[in-house]
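Observations on chain architecture
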Amino acid sequence: MTEIDEGFYSRQLYVLGHEAMHRMGAADVLIAGMRGLGVEIAKNVILSGVKSVTVQDEGHTGWTDLSTQFFLNESHLGQNRATCSLPQLSSLNSHVHVSAHPGPLDKDLLLKFQVVVLTDSSLDDQKRFADTKDSVGNQLFCDFGKDFMVLDQDGEMPASAMIQTIFKDNPGVVICTDDQKHGFSDGSKVSFSGVQGMTELNTRGPWEIKVRSYIGDISGFSEYERGGVVTEVKQPCTISFKPLSEALLDQELLIFNDFGKMERHKTLHLTFQALHTL
Amino acid sequence: VLLISYREKKRRRIEDLTEKMAVDGGHCDISCDWDGRWNHVRKFLERPGPFTHPDFEPSTECRLVKYLLTCKILVIGAGGLGCELLKNLALSGFRLIHVVDMDTIDVSNLNRQFLFRPKDVGRPKAEVAADFINGRIPGCKVVPHFKKIQDFDESFYRQFHIIVCGLDSVIARRWMNGMLISLLSYEDGILDPSSIIPLIDGGTEGFKGNARVILPGMTACIDCTLELYPPQINFPMCTIASMPRLPEHCIEYARILQWPKEKPFGEISLDGDNPEHIQWVFDKAQERAAEFNITGVTYRLTQGVVKRIIPAVASTNAVIAAACATEVFKIATSAYIPLNNYLVFNDVDGLYTYTFEAERKENCSACSQVPQDLQFPPSAKLQEVLEYLTENASLQMKSPAITTTLEGKNKTLYLQSVKSIEERTRPNLCKTLKELGLSDGQELAVADVTTPQTVLFKLNFTT
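If you're wondering where the values come from, they're calculated on a predicted model, not measured in any experiment. (Residues numbered from 1 in each chain as written. Chains lettered and ligands numbered in written order. Predicted model: local features only at pLDDT ≥ 70, side-chain atom pairs only at ≥ 80, totals over all residues. Heavy atoms only, no water.)

Points about the packing of helix 10 (residues 275–291) of chain B against helix 11 (residues 299–307) of chain B
Residues and elements named next belong to chain B. Contact pair helix 10 / helix 11: the axes reach a minimum separation of 9 Å and the direction vectors enclose 110°. Classed by the angle they form, the pair helix 10 and helix 11 counts as roughly perpendicular. Contacts from Pro275, Ile278, Gln279, Val281 and Phe282 of helix 10 reach helix 11 at Tyr299, Thr302, Gln303 and Val306. In the contact of helix 10 with helix 11, the residues fall into six nonpolar, three polar and no charged. (Axes fitted to C-alpha atoms, helices over the stretch in contact; angles between N-to-C directions. Helix = DSSP H or I, 4+ residues; strand = E, 2+ residues; numbered from the N terminus. Parallel < 35°, antiparallel > 145°, perpendicular 65-115°, else oblique. Contact = heavy atoms within 4.5 Å. Nonpolar A, V, L, I, M, F, W, Y, C, P; charged D, E, K, R; others polar.)

Structure below.
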């Protein structure tokens, strides 16, 4: 795992933390379409520090591109948009490998990436690629695949409590100090640290608990002496996403957020599809 | 006398405007543009639509585009928001843009402020940003000012049609707000609309941001909604000293209590940019954390707490700057109804936006024209007045200087910023208002860094 450049990323590290930054640093991202929208997405993704970004576009720079695409200029007219954007995009962040793909989009290409962003694609293309790919984001649609793992469901600090004593038993019983609610529930998983005496607890786990806190067979462990903290271990959960072609037909998925305009979200939904038939 | 000065002011303003139009005429030439350059903008301006302003009349004579090209914009701040704003405004067709920023480029800017490269580190932000935009957008002329906003006076700010702020400081926002309010002219209590310069203000922190449109004197100003800003996080001293629970408490303990006591580097104050200083605080905070079984003290958190660093990501700046630039476009062209008037954005959990109408505060100390009252008994000490000015949620002054007129002479009651005057006036803080010779109805003039103008308060004695 490569080190994070703390000077360069300092402000962002405060938002994301090291773990998320390391995960981003392992991602290969494809951004299709290098017009005004695509180049903005590419710029922000490159600045944020993924492993690599590939920008794809088959088209050539025209006069109208210069009005909205900040990294193209007059000298690029008639040349490939992705290739011409490359020097400016790659100078944004030396930690990210940026490359251009002037050829067409196909399934084999898409399968090389963890995240694919389509801009400027026809609805047919969107459906076609959405069906082959685990991970597609476009316009306002996100499909993270059938088995998308959420490591931390609420983003809260893991609950923790200080230990008063532990009874050596099967199942073991942990008594927490009384001055605060420990915030665990049945089925929570926990880990231990700083326990003296019964030090096996510090290195094994996580333990599934019941409240009052039985933690499984520890009758063979050393005697508990004192100290220690018990901390919740976050459990991943899996969420299943529908591909675009299914989601398009599913009215239930259209969640409206404005009770004053009950039908508007449906109208918008159809309008966007209609745009692709023009 | 007052009335004459307003008239004079108004006359000057009209002269300024006329003069500016004459100057702008020179820039108005769009014939050099390539065919279709402004098509993307003209689509908004040359055809009617269901969402356009009710009074909007589309025109195909390039008149509106020309207006866009002659509109003079001031961007305050060339940081995360400023870089995005300059790019968006220049691509939208604005050509006369000034940018003010007092900072030079730091390595930590490079992962958001996309107009800067490693070779630019140490150079003024405003100048590098202006060079980049001017080199990229033919015909666009960004004028940089490597200065503080306080270095300019009314005559500078009055030349602009719209001002956009991308700042990271509430004090600077309030000062800018106060400056635009001071440019307003009233005749018989009626606001002269030609003296209004709209202020678009953007702000971000991490995944959260806001954008707002302020028409000074007409809609809620920065000081009207001062309560919305979170107070600076200061942990209670007793928690820091005896009952720490969070890693931040341990860092504050090392910073506030241990540093001045142990003086690890002699008689110098803690410097957040000095790695040795941060390391010292970090080590001490870790010791304290271990003592209280607290986890989570890291070098990075230590630096963040000491320097009060504002977390930032590129994409939030892009979203908020886009919203602000859109508002500039709407106001400049009058083609669409502007944001009314406060948008909040948060994409930390899904994507949430909400727009509400912030309301004017009837007795706002910045924009209301209502005399400000101070209610104190004659036995109150000047110290209490000072604390009220700094701690009251709708005033939140930083280092107020209080002067008044006694027996026909100006008298400084307390002033903090000049050392010799502070020493001379410090004894006044312990005196009662009566002892200072102040009477019921006395006018106190208060100056502070949060406003370019002095604020007048009327002292009302309570019993």
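From this point on, the discussion continues.
A look at the interface of chain A and chain B
Every contact between the two is made by 31 residues of chain A and, on the other side, 33 residues of chain B. Buried surface at the junction of chain A and chain B, summed over both partners, amounts to about 3000 Å²; 61% is from carbon and sulfur atoms. Together, Arg11, Tyr14 and Phe70 of chain A form the three largest contributors to the area buried by chain A at its contact with chain B, with a combined 29%. At the junction of chain A and chain B, the tally comes to two salt bridges. Close ionic contact of Lys43 of chain A with Glu84 of chain B constitutes a salt bridge, the shortest N to O distance being 2.4 Å. Listed by contribution, the elements that provide at least two residues to the side of chain A that touches chain B are helix 1 (6–24), helix 2 (36–48) and helix 3 (65–68) of chain A. In terms of residues, the side of chain A that touches chain B owes the most to one element, helix 1 of chain A, which gives 13 residues. Looking at the side of chain A that touches chain B, its residues break down into 15 nonpolar, eleven polar and five charged. (Buried area = accessible area lost by both parts, 1.4 Å probe. Salt bridge = Lys/Arg side-chain N within 4 Å of Asp/Glu carboxyl O.)

A look at the environment of Val99 of chain B
Residue and element names in this part refer to chain B. Here Val99 shows up in strand 2 (residues 96–100). On the basis of relative accessible area, Val99 is assigned to the buried category, the value being 0%. When the C-alpha atoms of Val99 and Ala129 are compared, they prove to be 8.8 Å apart, with 30 residues separating the residues in sequence. (Buried < 20%, exposed > 50% of the residue type's maximum accessible area, 1.4 Å probe, protein only.)

Notes on the side chain of Glu200 of chain A
Residue and element names in this part refer to chain A. Along the chain, the position of Glu200 falls in helix 7 (residues 200–203). When its relative accessible area of 17% is taken as the criterion, Glu200 is described as buried. Filtering out sequence-adjacent residues up to four positions away, Glu200 remains in contact with Phe221 and Ser222.

Description of the sheet that holds strand 13 (residues 409–414) of chain B
Hydrogen bonds between backbone groups are what pair the strands of a sheet, and the pairing can be parallel or antiparallel. All names here are of chain B. A sheet is described by the order of its strands in space; here five strands give the open sequence 11-15-14-12-13, paired in mixed fashion. Each having just a single partner strand, strand 11 (372–376) and strand 13 make up the two edges of the open sheet. Here the strands of the sheet are splayed against their neighbours by 35° on average, with no regard to which way each runs. Here five bridges tie strand 14 (residues 443–448) to strand 15 (residues 451–461), and the two strands are oriented antiparallel to one another. Bridge assignment links Leu444 to a residue of strand 15, and that residue is Phe457. (Pairing = 2+ DSSP bridges.)

Some thoughts on the side chain of Thr52 of chain B
Mapped onto the fold, Thr52 of chain B is located in the loop between helix 2 (39–45) and helix 3 (63–70). Excluding anything up to four places from it in sequence, Thr52 of chain B contacts Ala335 and Tyr336 of chain B.

Overview of the pattern of salt bridges
This structure, assessed with the given rule, holds 23 salt bridges over all chains. Between Glu84 of chain B and Lys87 of chain B there is a salt bridge; the shortest N-O distance is 2.8 Å. In this pair, Glu84 of chain B and Lys87 of chain B are both assigned in helix 4 (residues 80–92), three residues apart and thus about one turn of the helix distant. When sorted by exposure, Glu84 of chain B lands in the same class as Lys87 of chain B, which is buried. Connected via shared salt-bridge partners are Arg35, Asp57, Asp65, Arg81 and Asp120 of chain A.

Considerations on the UniProt feature "domain: E2 binding" (unreviewed entry) in chain B
According to UniProt, the "domain: E2 binding" (unreviewed entry) feature falls on residues 374–462 of chain B. With 19% helix and 36% strand, residues 374–462 of chain B has its two end C-alpha atoms placed 10 Å apart. (UniProt positions renumbered as here; feature names shortened; annotations may be inferred.)

Side note on the packing of aromatic side chains
All told, the structure shown has 17 aromatic pairs over all chains when counted by the stated rule. For the ring pair Phe70 of chain A and Phe114 of chain B, a centre distance of 5.9 Å and an interplane angle of 80° mean the geometry is edge-to-face. Of this pair, Phe70 of chain A sits in the loop between helix 3 and helix 4 (81–90) while Phe114 of chain B is found in the loop between strand 2 and helix 5 (125–136), placing the two residues in two different chains. In this structure Phe114 of chain B comes out as buried when scored by relative accessible area, which is 1%. Between Trp259 of chain B and Trp280 of chain B the ring centres are 5.4 Å apart and the planes differ by 85°, which places this aromatic pair in the edge-to-face class. You can see Trp259 of chain B sitting in helix 9 (residues 247–262) and its partner Trp280 of chain B sitting in helix 10, a full 21 residues away along the chain. A relative accessible area of 6% means that Trp259 of chain B is categorised as buried. Accessibility expressed as a relative area gives 15% for Trp280 of chain B, which makes it buried. The structure contains a cluster of three or more aromatic residues connected by ring pairs, namely Phe152, Phe156, Tyr157, Phe160 and Trp175 of chain B. It is Lys43 of chain A that lies over the ring of Phe114 of chain B; its NZ or CZ is 4.6 Å from the centre. (Phe/Tyr/Trp six-rings, centres within 6.5 Å; stacked < 30°, edge-to-face > 60°. Lys NZ or Arg CZ within 6 Å of the ring centre and 35° of its normal.)

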